[in-house]
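Each chain, letter by letter, is given below.
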Amino acid sequence: MTYFEGFIAPVPEANRDAYRKHANEFASLSHQFGIRRHVEAWDSDVPEGKVTDFRKSVDAKPDEKIVFAFFEYPDRKARDAANEKFMSDPRMEEMGKNMPFDGKRMIVGGFDAIVEEGSAGGSYTDGFVVPVPEGKREDYRQLASKMAKVFRQHGASRVVEAFSNDVPKGKVTDFYRAVKAEDGEGVVFSFIEWPDKQARDDAWAKIMADESLRPQGEMPFDGKRMFWGGFEKILDTAQQPAIQAGAPVTA
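Now for a look at the structure at hand.

About the cut-offs
- Residues numbered from 1 in each chain as written.
- Predicted model: local features only at pLDDT ≥ 70, side-chain atom pairs only at ≥ 80, totals over all residues.
- Heavy atoms only, no water.
- Helix = DSSP H or I, 4+ residues; strand = E, 2+ residues; numbered from the N terminus.
- Buried < 20%, exposed > 50% of the residue type's maximum accessible area, 1.4 Å probe, protein only.
- Polar contact = N/O pair within 3.5 Å; in protein donor to acceptor, adjacent residues only side chain to side chain.
- Contact = heavy atoms within 4.5 Å.
- Core = buried A, V, L, I, M, F, W, Y, C linked by side-chain atoms within 4.5 Å.
- Pairing = 2+ DSSP bridges.
- Phe/Tyr/Trp six-rings, centres within 6.5 Å; stacked < 30°, edge-to-face > 60°.
- Lys NZ or Arg CZ within 6 Å of the ring centre and 35° of its normal.
- Axes fitted to C-alpha atoms, helices over the stretch in contact; angles between N-to-C directions.
- Expected span 1.5 Å × (residues − 1).

**A closer look at the side chain of Ser190**
At step 1: With respect to the helices, strands and loops of the structure, Ser190 is situated in strand E7 (residues 185-194).
At step 2: Residue class for Ser190 comes out buried when judged on its relative accessible area of 1%.
At step 3: In this structure the side chain of Ser190 is engaged in a polar contact, spanning 3.3 Å, whose partner is the side chain of Glu161.
At step 4: Setting aside chain neighbours within four positions, we find Ser190 in contact with Phe68, Asp126, Gly127, Phe128, Val160 and Glu161.

Structure follows, in structure tokens:
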């Protein structure tokens, strides 16, 4: 199935335009590296959690917002080949000199899709990060597959659940620390694409009110350490071409 490189980054709110310009400059080159799709989504409805949340995952400062992003590849081999090209391309070194965010606190990892429903589309994305015991991977997949169909029935364009495959430990932050992962746990990087925020809000209201969808029995993950949030897309190469480097960008 599809392979995803997932990212969570803290970006100063004042740098939104600069970040979007930076993302578009990279996206104008990404097809040359083999990236099939590049999505960047900006903090829109990101709640504070008691144990974990998106802001805690990257030690976000008060003036910073969260970016939820991913690269999509046909498989891990294509991802690995792309990363080799990144490392050897002098244009990437130049781009890295003036980053509009703190790259040391960005977290990144590679994930194998275990559930894929629907097709790319829409302007709004829900993002999730979930700690799942390796021994409960199949139980989680079955539950996620069932819920993906529910989200699609309520208007979601696409639902993806991807299990950690190449997720490095970072010096400052990483996906494992983000969910306070315990020994024997993997991490799921998941997203739901919606036509827009209103469609997303309407769908969640109906889903939460549906008694038949209430959890039954023991869940195959610790919901207290899962976190989620809503994000407005600011770049999606599946829907629009990247703005050429140097072109003016407006939010």
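**So, the nonpolar core**
At step 1: Of all hydrophobic cores here, the largest spans 26 residues; its most connected members are Ile8, Phe54, Val129 and Phe175.
At step 2: In this structure Val129 touches Ile8, Phe54, Phe175, Val179, Val187, Val188, Arg225, Met226 and Phe227, once residues within four positions along its chain are discounted.
At step 3: With 23 residues, the next largest nonpolar core counts Tyr19, Trp42, Val67 and Ile234 among its residues.

**Looking at the pairing of E7**
At step 1: Most of E7 sits out of view: 10 of its 10 residues are buried.
At step 2: Along E7, one buried face is formed by Glu185, Val187, Phe189, Phe191 and Glu193 and the opposite face, lined by Gly186, Val188, Ser190, Ile192 and Trp194, is buried too.
At step 3: Of the strand pairs in this sheet, strand E5 (residues 124-133) and E7 are connected by 10 bridges, and their pairing is antiparallel. What sits directly across from Pro131, in E7, is Val187.
At step 4: Where strand E6 (residues 158-166) and E7 come together, six bridges link them in antiparallel fashion. Within E7, the position partnered with Ala162 by the bridge is Phe189.

**Some points on the packing of aromatic side chains**
At step 1: One pass over the full model with this rule turns up 21 aromatic pairs.
At step 2: With 5.6 Å between their ring centres and 65° between their planes, Tyr19 and Phe101 make a pair best called edge-to-face. With a gap of 82 residues between them, Tyr19 in helix H1 (residues 16-33) and Phe101 in the loop between helix H4 (90-95) and strand E4 (107-118) connect regions that are remote in the sequence. Each member of the pair, Tyr19 as well as Phe101, carries the same accessibility label: buried.
At step 3: On the numbers, 4.8 Å between centres and 85° between planes, the contact of Phe54 with Phe227 is edge-to-face. On the criterion of sequence distance, the pair formed by Phe54 in helix H2 (residues 54-57) and Phe227 in strand E8 (residues 227-236) is long-range, its members being 173 residues apart. Each of the two residues, Phe54 as well as Phe227, counts as buried.
At step 4: Members of the aromatic cluster, connected to one another through ring pairs, are Phe54, Phe68, Phe111, Phe175, Phe189, Phe227 and Phe231.
At step 5: Stacked on the ring of Phe163, the Lys or Arg Arg137 has its end atom at 4.6 Å from the ring centre.
At step 6: A cation over a ring is seen here: Lys169 above Tyr176, with NZ or CZ 5.1 Å from the ring centre.

**Regarding the sheet that holds strand E3 (residues 64-73)**
At step 1: On the basis of which strands lie adjacent, the closed barrel formed by eight strands has the order E1-E3-E2-E8-E5-E7-E6-E4 and antiparallel pairing. Strand-to-strand, the axes of this sheet are offset by a mean angle of 35°, without reference to chain direction.

**Quick look at the environment of Asp80**
At step 1: In this structure, Asp80 sits in helix H3 (residues 76-88).
At step 2: By relative accessible area, which is 28% here, Asp80 ends up partly exposed.
At step 3: Sequence separation between Asp80 and Asp166 is 86 residues, and the spatial gap between their C-alpha atoms is 10 Å.

**Points about H1**
At step 1: Taking 1.5 Å per residue, 18 residues should reach 26 Å; H1 reaches 25 Å between its end C-alpha atoms and fits that length.
At step 2: Among the 18 residues of H1, 13 are classified as buried, and the element is accordingly described as predominantly covered.
At step 3: At the C-terminal side of H1, Gly34 shows a positive phi close to 100°.

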